Amino acid sequence: MKLPGKIPVGSWFILNNLKEKRRHEMLKKLFNSRWVVPGALCASLIALGVAYAGEPVKSSYSPVVITEPFEETMSRMKAAKPGVMKRQMDLLNERYDLDNRPAKGVMMSGGEKPVQEGVRAKLPKGMTWEKLALMTPEEMRKKDLWPIGLLPLPHPNHQEGGMVFPKFHIDEINKQEGRDLTRFDLDLDLPDHLLPEFPSPIYLTTRPDLGDVSQGKVVTMMNYYEMFNGILNPKQLEGLRLLVTAFPQQQFNQTKDRRSELPSRGVTCFDCHLNGHTNGATHLVGDIRPQEFRHRLDIPTLRGVNIQRLFGSQRALKSIEDFTEFEQRAAYFDGDPVIATKKGVNVLERGSQAHFMAEFQALLDFPPAPKLNIYGKLDPKKATESELRGEEIFSGKAQCAVCHPAPYYTDNLMHNLKTERFFKPRMVNGRMAASDGPIKTFPLRGIKDSPPYLHDGRLLTLEDTVEFFNLVQELKLKEKEKKDLVNFMRVL
């Protein structure tokens, strides 16, 4: 392609303000004209997401200048929403049994919500978990027998991505603060009974005598002071204030490049990490490009961050201060500092903001585990026979303790399960199901409180998790051993 002369500045502004279709036509003519496009202006044109012949350019950056009027964007996405959600729910129903099947007598730590039981991932026709466990990874890959429920799980709309919150949380924040976290383009896909309890309890390392200090409430800007004044010191109280303060975010901000009907004050840290735990909200990780390779994010609990040494599923940040500071620059804006500047990034001051927030987070304790001794192992006088057998399998045949040793059941390292051994790469609702790479070892203390499981939430129950690792590690566990393993993890 010949690139002679120079684009007049006025022409650039005209192109920038044209509607997309017309701009494509003008660019075609431009590239065949007598002008030379200087490097800086070429970069600007590429930033618009436009290439020669009108094809979109793959870029690490999001488009900065949005030319479609906001009302048209919202109207178009609202019209597409039923189809988007139907496609995702069809996929979930194809992958999983989504029924409400609570385990008898097994409750989450707050005592209000039952733990869901049973394997939910569906198998290929005529296949059983026992038959699969006898096959090699190569056989499963060749015959395409890896259960689709064990493939990476896409975001409700993977091409669009962004933070999505459960309706029970949206309703509560609207009620307390008048701040609407509804997206006009999509909803959360997983049913409420497969998500953590709401509101979740709060346990403090500094005041174990108080037990759950949440009072059964969702902690927000409207109540944090009255709830924690006299329990926290002033620095910790200020850290909590910042954790429940809304700041602009990719989908929720004051610009026209947003996914809320009205301009939004933004989101808080506790909108995902509800009460310092998790509410089952989802997002896409910001540290991968292109979009189809970004992982869906199962929001992790903040309980026990004081004993962790890596933060972020793959970023391996080295402190909770790092995590706190960079979440506002990264997760809030898809890891794009250009967009962050446009939408109003809140840059935390390290010494008096990030540090205060981190200090409060470091107080968030795991839930009580009355059957564990001071070494984090089962007390034989309190545990059942099944739980004791499960602990033995966990440390022995199943090799869980290699990565998840007591007392907190994490080695604070990263491991690559290489699940790509079992299936051929494929596109699933906009998500390229391929290799995951090394992922952080999350603690298993209090694990029954934080479904779904794995870094992207693809495993809906602890039973699903056991079947997944039985195949990945080629363990050949027996049915009774699997049940004992689940019973052990429920008491951690």
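Small disclaimer: the values here were computed from a predicted structure and weren't measured.

1. Some thoughts on the overall build of the chain
For the chain, the helix and strand inventory stands at 16 helices and eight strands. Burial status across the chain gives 55% buried among its 492 residues. Pairs at least 24 residues apart make up 69% of the contacts formed inside the chain by residues separated by at least 6 positions. If you sum the accessible surface of the chain, you get close to 21,900 Å²; carbon and sulfur atoms cover 57% of it.

2. Side note on the pairing of strand β1 (residues 102-107)
Strand direction decides the pairing type here: β1 and strand β2 (residues 114-116), joined by two bridges, are antiparallel. The residue bridging Pro-102 from the neighbouring strand is Gln-116, located in β2.

3. Some remarks on the packing of helix α14 (residues 385-395) against helix α16 (residues 479-490)
Between two packed helices, what matters for the description is the angle formed by their axes and the separation of those axes. Orientation of α14 relative to α16, taken along the N-to-C sense of each, is 100 degrees, at an axis distance of 7 Å. Judged by the inter-axis angle, α14 sits roughly perpendicular to α16. Every residue of α16 that contacts α14 at Ser-386, Glu-387, Arg-389, Gly-390, Glu-391, Ile-393 and Phe-394 is listed here: Lys-480, Glu-481, Lys-483, Asp-484, Leu-485, Asn-487, Phe-488 and Met-489. Of the residues in the contact of α14 with α16, the class split is five nonpolar, three polar and seven charged.

4. Examining the nonpolar core
Note that soluble globular proteins tend to have their nonpolar side chains buried in a common cluster. One finds Phe-165, Val-219, Phe-228, Leu-232 and Leu-240 to be the most contacted residues of the largest nonpolar core, which totals 48 residues. Those elements giving two or more residues to this core turn out to be α7 (167-177), α8 (224-228), α9 (234-243), α10 (269-272), α11 (320-329), α12 (337-343) and α13 (350-361). Setting aside its immediate chain neighbours within four residues, Phe-228 contacts Ile-202, Val-213, Val-219, Leu-237 and Leu-240. In terms of nonpolar packing, the next biggest core, distinct from the first, is built from 42 residues, Met-127, Leu-132, Leu-378 and Phe-488 among them.

5. So, α11
Burial runs high along α11: eight of the ten residues are buried. Listing the buried residues of α11 in full gives Ile-320, Glu-321, Asp-322, Phe-323, Thr-324, Glu-325, Glu-327 and Gln-328. For α11, the secondary structure elements touched by its buried residues are α10 and α13.

6. Points about the packing of α9 against α13
Remark: α9 packs on α13, axes separated minimally by 7 Å, with the N-to-C direction vectors making an angle of 100 degrees. The angle between the axes of α9 and α13 places the two elements in the roughly perpendicular class. Here Lys-235, Gln-236, Glu-238, Gly-239, Leu-240, Leu-242 and Leu-243 of α9 lie close against α13, whose contacting residues are Gln-353, His-355, Phe-356, Met-357, Glu-359, Phe-360 and Gln-361. Residue classes in the contact of α9 with α13 are distributed as six nonpolar, five polar and three charged.

Rules behind the numbers
Residues numbered from 1 in each chain as written. Predicted model: local features only at pLDDT ≥ 70, side-chain atom pairs only at ≥ 80, totals over all residues. Heavy atoms only, no water. Helix = DSSP H or I, 4+ residues; strand = E, 2+ residues; numbered from the N terminus. Buried < 20%, exposed > 50% of the residue type's maximum accessible area, 1.4 Å probe, protein only. Contact = heavy atoms within 4.5 Å. Areas by Shrake-Rupley, 256 points an atom, 1.4 Å probe, with all protein chains shown as cover. Pairing = 2+ DSSP bridges. Axes fitted to C-alpha atoms, helices over the stretch in contact; angles between N-to-C directions. Parallel < 35°, antiparallel > 145°, perpendicular 65-115°, else oblique. Nonpolar A, V, L, I, M, F, W, Y, C, P; charged D, E, K, R; others polar. Core = buried A, V, L, I, M, F, W, Y, C linked by side-chain atoms within 4.5 Å.

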